[in-house]
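Now for the letters of each chain:
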Amino acid sequence: MDGPLGFFDLMPLEVVFCIFDTMKVEDLSILTITSKLMRNTVEQYRTTRKGITRLTPAAPSSVNDVTLIQNSYIKQFRVLGLFMKRSTCLYTTRDRLKIYELFLHKLDSARIELCRLCGKGFALYCYGRFISTVLAGWDNQECSRAFSSIHASSAVTKNTDTVLRSFCGQHPRSEKNLRTFLRKVFLDQYANLTDRGFWLSKILKPWPMVHQAKLLYLMYGPVCEEAILWDLLSYTTPASLGQAIRYQHDLAEAIQIMYARTSDWTEDDVLSIVDELTSVAESDWLAENLASLLLFCGNTITVKYMGSRAINGRMHELGNLVASFSVVGFKITSGRSSYSGRCKREREVGTCPLNGRAEFYCR
């Protein structure tokens, strides 16, 4: 009773582990911060086969609603992240990252079940929730080390290099998988724009400007179930405000974050990335789509971009852009669009550049 573990000192370790079996993971995580000896005992439990089984997230029994199942998994991964964060709080960053990696490898059964029930994208989101919970409160240097460790263990750097050095659409499956990984594990975990700006910097800054623009489009550009729609904005314009939001709002928000929420890009860098973004596919964007993107980016970036055109003597481009602002403004306010009818006529005569995919764009 007077020992460092209190009444737990009177019990065999097997009995203590049986007690742990009945406790919630939240309670176990609190137990790890009561004393160093108790933390070591809980860690011993965590490394046993029974402990791994107990800690592995699982779908709630007798529940068929997909939303309830997803919410349950998200909560379990967050709680599990908190448990691992507390139980390793006295370790060095390097040791903590190794422990997390080994622990996640032991959760393969949960990963397989998650993919079966909710799809690969949601499974990655759950793992991202675990990682974001663990990293909460870490300084930027520690988060950078965590990012490098995750990249090394998942071979993302190699896949990114392959995608960026290939033609757009050459590896559609790899492109879609890379987008899903970067969005679900890192970017979509954070509502705070400054936090998202940090991860955007980690993802983009190692690459030259032209690759940053391509990677930005890959992560936030229009997408269908099968592939990134690299040429969409080169051939069509949104038929409504809702389509414009789906196509370009996320891209514009990322550009705003790069401009205002992080110091890793200068004003000229951001404008250069916008320039590269509009020519990321084989054909340049339509002027109307560039105007729409700039409107979503806000007045500050729009004025800077137009000023750079004027300073560099690109008056023809500036005139086209001003005219396109008028067209976009008219569409937004009136809700009209000539695109749907035009695309239908082009399909009838066989000249539509979308090769049968126009129905998707016009939905």
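A quick note: this is a predicted structure, and the numbers were derived from the prediction, not measured. (Residues numbered from 1 in each chain as written. Predicted model: local features only at pLDDT ≥ 70, side-chain atom pairs only at ≥ 80, totals over all residues. Heavy atoms only, no water.)

**Focus on the overall build of the protein chain**
A tally of helices and strands in the protein chain yields 21 helices and zero strands. The dimensions of the protein chain, computed from C-alpha atoms along their principal axes, are 85 × 45 × 35 Å. Expressed as a percentage of its 363 residues, the buried residues of the protein chain come to 45%. In the protein chain, the proportion of contacts linking residues at least 24 apart, taken out of those at least 6 apart, comes to 69%. (Helix = DSSP H or I, 4+ residues; strand = E, 2+ residues; numbered from the N terminus. Buried < 20%, exposed > 50% of the residue type's maximum accessible area, 1.4 Å probe, protein only. Contact = heavy atoms within 4.5 Å.)

**Observations regarding helix α8 (residues 120-135)**
Since there are 3.6 residues in each turn of an α-helix, residues three or four apart along the chain are aligned in direction. Relative to the 22 Å expected for 16 residues at 1.5 Å per residue, α8 spans 22 Å between its end C-alpha atoms, a close match to the ideal helical length. The element α8 is largely enclosed, with a buried count of 14 among its 16 residues. With its phi angle positive at about 90 degrees, glycine 137 sits one or two positions after the end of α8. (Expected span 1.5 Å × (residues − 1).)

**Quick word on helix α15 (residues 241-260)**
Compared with the 28 Å implied by 1.5 Å per residue over 20 residues, the 25 Å span of α15 between its first and last C-alpha is markedly short. In the structure, α15 departs most strongly from a straight axis at glutamine 248, where the bend amounts to approximately 50 degrees. (Bend = angle between axes of the 7 residues up to and from the residue.)

**Quick notes on the side chain of serine 324**
If you trace the backbone, serine 324 turns up in helix α19 (residues 315-334). By relative accessible area, serine 324 is classed as buried at 9%. Those residues in contact with serine 324 that lie beyond four places of it in its chain are Ala287, Glu288 and Ala291.

**Comments concerning the confidence of the model for the protein chain**
With 91% of its residues at a pLDDT of 70 or more, the protein chain has an overall mean of 87. Long-range and interchain partners of residues 336-363, a stretch whose pLDDT sits below 50, account for 41 contacts in this model, where long-range means more than four residues apart. (pLDDT = per-residue confidence, 0-100.)

**Notes on the pattern of salt bridges**
Inspection of every chain in the model, using the stated rule, returns 12 salt bridges. Residue arginine 116 pairs with glutamate 113 through a salt bridge whose shortest N-O separation is 2.5 Å. Note that arginine 116 and glutamate 113 are positioned in helix α7 (residues 108-118) at a spacing of three residues, about one turn of the helix. Taking the relative accessible area as the measure of exposure, arginine 116 reaches 58% and is therefore exposed. Its salt-bridge partner being glutamate 253, residue arginine 196 comes within 3.0 Å of it at the nearest N-O pair. (Salt bridge = Lys/Arg side-chain N within 4 Å of Asp/Glu carboxyl O.)

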